[in-house]
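Examining the three-dimensional arrangement
Single-letter residue listing:
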Amino acid sequence: MFKNEIKSLFRNKSNKIYIIVFIFLFLILNLSLNLNIIIDNYYDDKMQKELEKAIESSKNQDTAFSEDMSELMKEYLTYAKKINIEEIDRMVRTSNGKELTEEQQQKIQNMQHVESIERNVEKIYTIEGLSDWTVYYILVDSWKNCDDVQNYLDSIGISSYVNWGTSAEIVENYEKINNLANIIKYTICGISLLVLFVCCNNIIKNEKENAKLLNVFGYKERKIKNILFIQLLTILFLGACLGYLVSQVLTFAGSYYLLKTSINVFNIYNIIILVMMILLPIFILTRKFNIEYKSRRRKL
Amino acid sequence: MSEIEIVNGEKEYIKNKEKIKILKNLNLKFEKGKLYAIMGESGSGKTTFLNIIGTLDDFKSGKLLIEGKDISNLKEDEKANIRMRKIGFIFQEFYLNPNMTVEENIEQPMYINNQYDKEMIKNRTNELIETVGLSHRKKHFPRELSGGEQQRVAIARALANKPDIILADEPTGNLDKENETKIFEMLKILSQNNKCVIVVSHSSKIEQYADVVLKIKEGNIEINEIS
Ligand SMILES: Nc1ncnc2c1ncn2[C@@H]1O[C@H](COP(=O)(O)OP(=O)(O)OP(=O)(O)O)[C@@H](O)[C@H]1O
Ligand SMILES: [Mg+2]
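These numbers come from a predicted model, not from an experiment.

1. Observations regarding the overall build of chain A
From N to C terminus, chain A includes nine helices and four strands. Reading the secondary structure of chain A in the N-to-C direction produces α-α-α-α-β-α-β-β-α-β-α-α-α. Looking at the 300 residues of chain A, the share that counts as buried comes to 46%. Summarising the internal contacts of chain A: among those between residues at least 6 apart in sequence, 73% fall at separations of at least 24. If you sum the accessible surface of chain A, you get close to 16,700 Å²; carbon and sulfur atoms cover 59% of it.

Following this line, the structure appears as structure tokens:
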């Protein structure tokens with residue numbers, strides 16, 4: 001039924017240009033939606049390197065590492081070995097010697113990013129000499145989420161360490177850059193939406209005369225709007241799919257260099273945003289569009 | 001029963017906060033099998049009149065009856081349905097879809113007609129293209145055709161759904177004398193095939209083909225039957 005209308009759409013030169021514009025638009029949009037993931041990957045990588053460095057220096061005591069730190073690192077390493085994890089940057093260690101109540105332990109266990117909590121009695125040198133300390137190791141799903149646990153421990157007056165050692169600066173940077181990324185992300189979303197609107201508006205404008213012609217033939221308003229809707233959807237969808245494909249190819253190619261890990265463009269959150277971006281302009285535009293022949297502006 | 005009947009039709013526009021009566025108290029009847037020529041000076045209201053008959057515009061007051069049925073108060077969609085079944089339009093500037101071939105342009109009105117299936121649409125399109133003598137131009141685009149050829153495509157398209165009424169607004173306005181004659185002859189043949197053909201034209205040549213000439217002057221219509 002719409003075959004001829006779709007065909008005619010692709011015979012229009014300006015529509016071909018719009019498809020190319022949409023490919024770029026959706027490529028950029030897609031990359032920016034995944035900006036946090038890209039940044040995460042980059043920082044995970046950086047953090048890993050930093051930790052490896054810290055572990056190395058804790059093994060060779062003669063480095064500039066402070067006594068305390070190397071002792072702590074050793075403990076972590078021993079413990080990490082015991083529970084069989086590699087990424088020790090995900091551990092929070094308490095060290096007051098205070099016992100956590102059953103309730104508090106439960107609360108930590110129930111926190112969103114906490115994977116496990118382990119109680120341990122250790123012999124630790126203090127000013128008074130060697131004494132028994134109760135130490136808790138809390139395993140968090142990512143180094144980025146250690147903050148939550150620490151905040152809670154602070155609030156109940158228990159001091160804690162996260163073993164990122166010299167990488168505290170990285171964490172701070174990470175947060176700054178992540179905030180910036182959020183701003184960039186939403187700005188790009190906004191600009192994309194604007195560009196989408198302008199392009200869709202022009203595509204519909206180009207079809208205006210033909211739509212009014214359909215009105216003369218006796219097509220019902222609803223039907224004409226459906227045709228316009230399908231025409232716009234075709235162009236947008238084509239642009240979006242190709243843009244997705246290109247971004248997937250790019251991340252695949254770039255996974256060895258720039259992005260390290262390929263980003264998941266088919267994540268539900270992205271798809272919802274993209275579908276909304278496609279539907280919103282079409283909805284608004286086809287709604288306010290006047291297809292009555294009466295409103296046809298005459299050539300003078 | 002007349003094909004089209006107008007009872008006390010009035011039309012006015014508001015221009016610079018001033019009401020201008022374009023059509024005053026019209027009482028007219030149009031029959032099948034006749035060719036009507038509407039003439040009048042530029043701005044006299046010919047296009048307005050034709051659009052009202054074609055249900056694309058409304059009288060301010062008065063009635064328009066098509067096949068005895070009052071359509072003045074119908075909804076837009078119902079009017080669209082009447083246009084689809086009963087009325088074929090031909091315009092001065094041809095008004096073809098530039099991105100569709102001759103064939104596709106002619107097919108387009110038929111796709112909303114439930115009476116046609118795909119096969120019938122193809123057959124009827126071929127038939128129509130043949131009647132207007134453009135069989136060799138089927139796959140061409142409007143920009144590849146001459147003005148006369150484009151207008152012939154528009155005529156074929158107007159006939160697609162077998163309408164009883166053909167409305168043509170200055171169909172030869174953009175054409176030379178030779179093509180003008182061709183188009184007028186085609187319209188004449190249509191009226192002889194029992195259609196009600198109404199043509200707006202500036203060309204006095206239309207009077208040779210018309211059965212009735214209507215002259216619009218200051219909102220009134222003067223009727224001249226040519227026998
Ligand atoms: N939508 C409108 N609003 C206000 N005035 C209008 C409108 N449409 C037409 N008119 C006025 O109504 C008058 C008649 O217009 P119409 O187009 O019917 O003239 P016409 O006889 O077809 O002229 P032409 O021979 O130049 O095509 C003109 O003065 C025009 O300016
Ligand atoms: Mg006119």
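2. Considering the interface of chain A and chain B
Taken residue by residue, the interface counts 26 residues in chain A and 28 residues in chain B. Counting the surface lost from both chain A and chain B, the interface buries some 2,500 Å², and carbon and sulfur atoms represent 52% of this. Between the two partners, chain A and chain B, sit two salt bridges. Note that Glu104(B) and Arg11(A) form a salt bridge whose closest N and O atoms lie 2.6 Å from each other. Here chain A and chain B share nine residue pairs in polar contact (both at pLDDT 80 or more) between them. Taken together, the elements giving at least two residues each to the side of chain A that touches chain B come down to α1 (3–11), α7 (168–217) and α8 (221–254) of chain A. Of the residues in the side of chain A that touches chain B, the class split is seven nonpolar, six polar and 13 charged.

3. Brief notes about the packing of aromatic side chains
Residues and elements named next belong to chain B. Within this structure, the stated rule accounts for five aromatic pairs over all chains. Relative to Phe-91, the ring of Phe-89 lies with its centre 6.1 Å away and its plane at 10°, an arrangement referred to as stacked. The pair formed by Phe-89 and Phe-91 is uniform in burial state, with each residue classed as buried. Note on Phe-91 and Tyr-95: the rings are 5.2 Å apart at their centroids and 75° apart in plane angle, and the pair reads as edge-to-face. Each member of the pair, Phe-91 as well as Tyr-95, is classed as buried. Each member of the aromatic cluster is reached from another via a ring pair, and the members are Phe-30, Tyr-36 and Phe-49.

4. Points about the sheet that holds strand β3 (residues 35–40) of chain B
Residues and elements named next belong to chain B. Across the sheet, which stays open at both edges, the six strands sit in the order β6-β7-β8-β3-β9-β10 with mixed pairing between neighbours. The open sheet is flanked by β6 (87–90) and β10 (220–225), the only strands paired with a single partner. Neighbour-to-neighbour, the strand axes of the sheet open up by a mean angle of 20°, direction not taken into account. Relative to β10, strand β9 (residues 212–217) runs antiparallel, the two sharing six bridges. Following the sheet pairing, Leu-214 is matched in β10 by Ile-223. Of the strands in this sheet, β3, β6, β7 (165–169) and β8 (196–200) are in contact with helix α6 (residues 177–192), which crosses β8 at around 150°.

5. Focus on the confidence of the model for chain A
Residue and element names in this part refer to chain A. Here chain A shows a mean pLDDT of 76. Residues at 70 or above account for 74%. Helix α4 (residues 67–83) is the least confidently modelled element of chain A, averaging 58 in pLDDT, while α1 averages 91, the highest of any element. Low pLDDT, under 50, characterises residues 62–66; the stretch is placed with four contacts to residues that sit more than four places away or in other chains.

6. Some thoughts on the nonpolar core
Ranked by internal contacts, the top residues of the largest apolar core, which has 72 residues, are Phe22(A), Phe26(A), Ile6(B), Phe30(B), Phe49(B) and Ile198(B). Once residues within four sequence positions are removed from consideration, Ile6(B) is found in contact with Leu26(B), Asn27(B), Leu28(B), Phe30(B), Phe49(B), Ile53(B), Phe59(B), Lys63(B) and Leu64(B). With 37 residues, the next largest nonpolar core counts Met39(B), Phe94(B), Tyr116(B) and Val199(B) among its residues.

7. Brief notes about the packing of helix α2 (residues 13–33) of chain A against helix α9 (residues 268–288) of chain A
Pairs of packed helices are described in terms of their axes, by the angle between the two and the distance that separates them. Residues and elements named next belong to chain A. Close contact between α2 and α9 brings their axes to 11 Å; oriented N to C, the two are set at 145°. Of the two elements, α2 crosses α9, and the hand of that crossing is right-handed. Note on element contacts: α9 touches α2 through Asn-270, Ile-273, Leu-274, Met-277 and Ile-278, opposite Phe-26, Leu-29, Asn-30 and Leu-33. Among the residues forming the contact of α2 with α9, the class breakdown is seven nonpolar, two polar and no charged.

8. Some thoughts on empty space enclosed by the protein
Under the criterion given, the structure shown has five cavities of 30 Å³ or more. Of the voids in this model, the largest cavity is the one considered here, and its volume is about 130 Å³. Lining the largest cavity are 15 residues; nearest its centre among them are Phe217(A), Ile87(B), Gly88(B), Arg157(B) and Ala158(B). Those elements giving two or more residues to the lining of the largest cavity turn out to be α7 of chain A together with α2 (76–86), β6 and α5 (147–158) of chain B. Here the residues of the lining of the largest cavity are counted per class, giving eleven nonpolar, two polar and two charged. Along the walls of the second largest cavity sit 13 residues, with Glu207(A), Asn210(A), Leu214(A), Ile227(A) and Gln231(A) positioned nearest its centre. Split by residue class, the lining of the second largest cavity holds six nonpolar, five polar and two charged.

Parameters and conventions
- Residues numbered from 1 in each chain as written.
- Chains lettered and ligands numbered in written order.
- Predicted model: local features only at pLDDT ≥ 70, side-chain atom pairs only at ≥ 80, totals over all residues.
- Heavy atoms only, no water.
- Helix = DSSP H or I, 4+ residues; strand = E, 2+ residues; numbered from the N terminus.
- Buried < 20%, exposed > 50% of the residue type's maximum accessible area, 1.4 Å probe, protein only.
- Contact = heavy atoms within 4.5 Å.
- Areas by Shrake-Rupley, 256 points an atom, 1.4 Å probe, with all protein chains shown as cover.
- Buried area = accessible area lost by both parts, 1.4 Å probe.
- Salt bridge = Lys/Arg side-chain N within 4 Å of Asp/Glu carboxyl O.
- Polar contact = N/O pair within 3.5 Å; in protein donor to acceptor, adjacent residues only side chain to side chain.
- Nonpolar A, V, L, I, M, F, W, Y, C, P; charged D, E, K, R; others polar.
- Phe/Tyr/Trp six-rings, centres within 6.5 Å; stacked < 30°, edge-to-face > 60°.
- Pairing = 2+ DSSP bridges.
- Axes fitted to C-alpha atoms, helices over the stretch in contact; angles between N-to-C directions.
- pLDDT = per-residue confidence, 0-100.
- Core = buried A, V, L, I, M, F, W, Y, C linked by side-chain atoms within 4.5 Å.
- Left-handed = near helix turned anticlockwise from the far one by under 90°.
- 1 Å grid on protein atoms, 1.4 Å probe; cavity = no way out; pocket = protein on both sides within 12 Å on 5 of 7 lines; lining within 4 Å.
- Points joined across faces, edges and corners; volume = space filled by probe spheres on them.

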